[in-house]
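Descriptive structure summary
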Amino acid sequence: MVKYGIVEPKKLQFPVRMLLVVPHKGKRLIVSYPAFGTNTFEGNRSGMNKIYSHPQTLKQISFKTPTTSESISASAWNFENIAKQEIFNPKWLQAGYIVQTSEGVYVNPLRKGVPITDEKVLKSYLDKSKKVNGIYLYEGKDMRDFGFAPYDTFKQGLQDAIDFANGGLARVLEHTEETALNLENMAKSYPNRVMDKSLPSRVNVVEFDSVTVPVLRVVSLDSGRDFVNGKLSVGGYDLNCEGGFAFGILK
């Protein structure tokens with residue numbers, strides 16, 4: 001630092017990226033803010049791997065791929081004012097990878113940064129998983145927030161928010177043995193205005209049909225593209241779908 005005179009601010013070597021701190025499973029989760037996008041999920045993942053500067057600390061930072069549970073926690077905090085307005089209403093959130101099979105949905109099949117689609121390998125993790133209320137949950141250094149929800153543990157189409165939150169899909173996405181409270185609260189932010197505001201909030205679950213061979217897809221969360229009679233929409237979409245946002249997790 002110079003002894004006298006104007007002290008010039010330090011020039012940042014990399015693009016600036018702010019951070020958002022949210023609660024997640026009793027701990028702090030630090031994610032990118034704003035979310036990466038709009039792009040395909042692979043395009044957003046590529047952006048996460050780049051180096052950025054944090055404007056307050058001037059440190060170099062980078063990010064990793066979120067699990068669905070982490071994406072949901074990042075979205076749920078102050079949902080009405082942040083994720084709902086910035087992501088869910090105009091576009092959609094890429095929550096994480098899934099693999100759809102003939103029997104059900106594998107969630108977060110990511111090992112060492114590479115998605116796994118080999119059904120034999122995926123099934124081998126079920127033996128290591130905890131089965132609770134119909135779904136399988138596994139947590140390890142090799143696979144974070146991994147789980148499996150058979151199709152008979154959840155419903156597709158329009159449904160009550162509470163029913164959805166207690167179903168297998170919501171619980172495996174949030175990686176919880178009990179009710180998926182974050183998803184339930186997010187869904188309840190969409191009041192049922194069609195006939196009577198006192199009616200339950202609704203969720204629309206789409207594109208989770210049985211397939212003959214395993215298919216790698218991305219879970220999308222959005223406002224159903226209907227902002228007057230909006231609803232939480234949960235879908236399993238193609239990897240090449242553009243226009244989505246994704247939260248990066250601070251490395």
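Residues numbered from 1 in each chain as written. Predicted model: local features only at pLDDT ≥ 70, side-chain atom pairs only at ≥ 80, totals over all residues. Heavy atoms only, no water.

**Concerning a nonpolar patch on the surface**
A cluster of nonpolar side chains, contributed by Leu12, Val16, Met18 and Leu58, occupies part of the molecular surface with about 310 Å² of accessible area. Along the polypeptide, leucine 12 turns up in the segment before β1 (18-24). (Patch = residues over 30% accessible without salt bridge, like charges linked within 9 Å, V, L, I, M, F, W, Y side chains within 5 Å. Areas by Shrake-Rupley, 256 points an atom, 1.4 Å probe, with all protein chains shown as cover. Salt bridge = Lys/Arg side-chain N within 4 Å of Asp/Glu carboxyl O. Helix = DSSP H or I, 4+ residues; strand = E, 2+ residues; numbered from the N terminus.)

**Quick word on the pairing of strand β16 (residues 215-222)**
The buried fraction of β16 amounts to 6 of the 8 residues, a majority that puts the element mostly inside the structure. Where strand β7 (residues 92-100) meets β16, 7 bridges bridge the pair, whose relative direction is antiparallel. Bridge pairing in β16 links isoleucine 98 to arginine 217. Relative to strand β17 (residues 232-237), β16 runs antiparallel, the two sharing 5 bridges. Paired with valine 218 across the two strands is tyrosine 237, which belongs to β17. (Buried < 20%, exposed > 50% of the residue type's maximum accessible area, 1.4 Å probe, protein only. Pairing = 2+ DSSP bridges.)

**Points about unusual backbone geometry**
The omega angle of the peptide bond from tyrosine 33 to proline 34 is -5°, so this bond is cis rather than trans. Along the polypeptide, proline 34 turns up in the loop between β2 (27-33) and β3 (36-39). Cis rather than trans, the peptide bond between glycine 37 and threonine 38 has omega equal to 0°. Position of threonine 38 among the secondary structure elements: in strand β3. For lysine 112, which is not a glycine, the phi torsion comes out positive at approximately 55°. Assessed through its relative accessible area of 83%, lysine 112 is described here as exposed.

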